[in-house]
Amino acid sequence: MLARFPVLSLAVVACCLMSCATPRTSQGLIDIDGDGLAESVAVLNLMEDKQAVLIHLQKIEVCKKVHALADQSYASVKQLHSAGRLGPLELFESEAQLASASIALIDAKLALAQTGLLSVSEKTFIDTDDDGLPDMLHAPIHVDELLDEKVSLSRKLFEQRSHGYERAKTLRESGVASDGDVRAAAQHMYEAEIDWLNARLQRDSK
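Model, not experiment: these values are computed from the prediction.

1. Let's talk about the overall build of the protein chain
Here is step 1: Each helix and strand in the protein chain was counted, giving five helices and four strands.
Here is step 2: Along its sequence from the N terminus, the protein chain presents helices and strands in the succession α-β-β-α-α-β-β-α-α.
Here is step 3: Expressed as a percentage of contacts within the protein chain between residues at least 6 apart in sequence, the contacts between residues at least 24 apart total 58%.
Here is step 4: Of the roughly 13,100 Å² of accessible surface on the protein chain, 57% is carried by carbon and sulfur atoms.

Dropping the structure here:
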């Protein structure tokens, strides 16, 4: 009996710890829009989960800023191209950078969804400072829609890179572009094709 006592004690302790452990999520009711009607929300209970979500959200915000800059740059390059001050290669590159920024933003949102910390059917309540007040609510992330959008953008990026490659070859023939320019354009095209194929595999394996 004495030899079995430590084993029995550890088992009892383990059971007690499991029963006392805080569940990662729970259900709550919050009047989100102030209409006097409470809506069901998922509540993150563990601080480490909350911090992980906040880091993902911070990354998403940075990706949004990068996307906004790429969008502004593309608008400027498009105007200069229309005025004849920039060539087609610069326009293709600016379009590709905007598409890449869009894909990076989608990937950041997908990364948050893949943590499994947000509810897929209702808003998730995140108490960022642990005071019990609803200071952040996040809507469900629609993964299927994001994956479809990523495939579409990846294909668009591949097509843009393909146009850039063909244009680089044409410019080389006219003596405007070098062999190095053509090789760089070809590499960008193949890298974009790989990204497009990976996006399709990611969507189809969902």
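That shown, we press on.
2. What about the packing of helix α2 (residues 47-82) against helix α3 (residues 88-114)?
Packed helices, taken two at a time, are described by their axes: the angle between them and the distance between them.
Here is step 1: At a closest axis distance of 9 Å, the pairing of α2 and α3 adopts a crossing angle of 165 degrees. By the angle between their directions, the pair α2 and α3 is classed as roughly antiparallel. At the point where α2 passes α3, the crossing takes the left-handed sense.

3. Examining the pattern of salt bridges
Here is step 1: Considering all chains together, one arrives at nine salt bridges under this definition.
Here is step 2: Here E61 and K64 are joined by a salt bridge, their closest N and O atoms 3.4 Å apart. In this pair, E61 and K64 are both assigned in helix α2, three residues apart and thus about one turn of the helix distant.
Here is step 3: Note on K64: relative accessible area 39%, which makes it partly exposed.
Here is step 4: E166 serves as the salt-bridge partner of K169, at 3.5 Å between the closest nitrogen and oxygen. One end of the pair, K169, and the other, E166, are both in helix α4 (residues 143-173), three residues apart, so they sit about a helical turn from each other.
Here is step 5: On the accessibility criterion, E166 (42% relative accessible area) is partly exposed.
Here is step 6: Three or more residues are tied together by salt bridges with common partners; here these are D148, R203 and D204.

4. Things to note about the sheet that holds strand β4 (residues 137-138)
Here is step 1: Here four strands make up an open sheet; going across it, the order is β1-β2-β3-β4 and the pairing mixed. Two strands close off the open sheet at either side, each with one partner strand: β1 (25-30) and β4.

5. Describing the nonpolar core
Here is step 1: Membership of the largest hydrophobic core comes to 32 residues, with the highest contact counts inside it found for V53, L57, I60, L112, L157 and Y165.
Here is step 2: Going through the elements one at a time, α2, α3, α4 and α5 (179-204) are the ones with two or more residues in this core.
Here is step 3: For L57, the residues in contact, after removing those within four places along its chain, are L112, I126, M136 and H138.
Here is step 4: The next biggest cluster of nonpolar side chains, apart from the first, holds six residues, and it includes Y74, L91, L98 and A101.

The rules behind the values
Residues numbered from 1 in each chain as written. Predicted model: local features only at pLDDT ≥ 70, side-chain atom pairs only at ≥ 80, totals over all residues. Heavy atoms only, no water. Helix = DSSP H or I, 4+ residues; strand = E, 2+ residues; numbered from the N terminus. Contact = heavy atoms within 4.5 Å. Areas by Shrake-Rupley, 256 points an atom, 1.4 Å probe, with all protein chains shown as cover. Axes fitted to C-alpha atoms, helices over the stretch in contact; angles between N-to-C directions. Parallel < 35°, antiparallel > 145°, perpendicular 65-115°, else oblique. Left-handed = near helix turned anticlockwise from the far one by under 90°. Salt bridge = Lys/Arg side-chain N within 4 Å of Asp/Glu carboxyl O. Buried < 20%, exposed > 50% of the residue type's maximum accessible area, 1.4 Å probe, protein only. Pairing = 2+ DSSP bridges. Core = buried A, V, L, I, M, F, W, Y, C linked by side-chain atoms within 4.5 Å.

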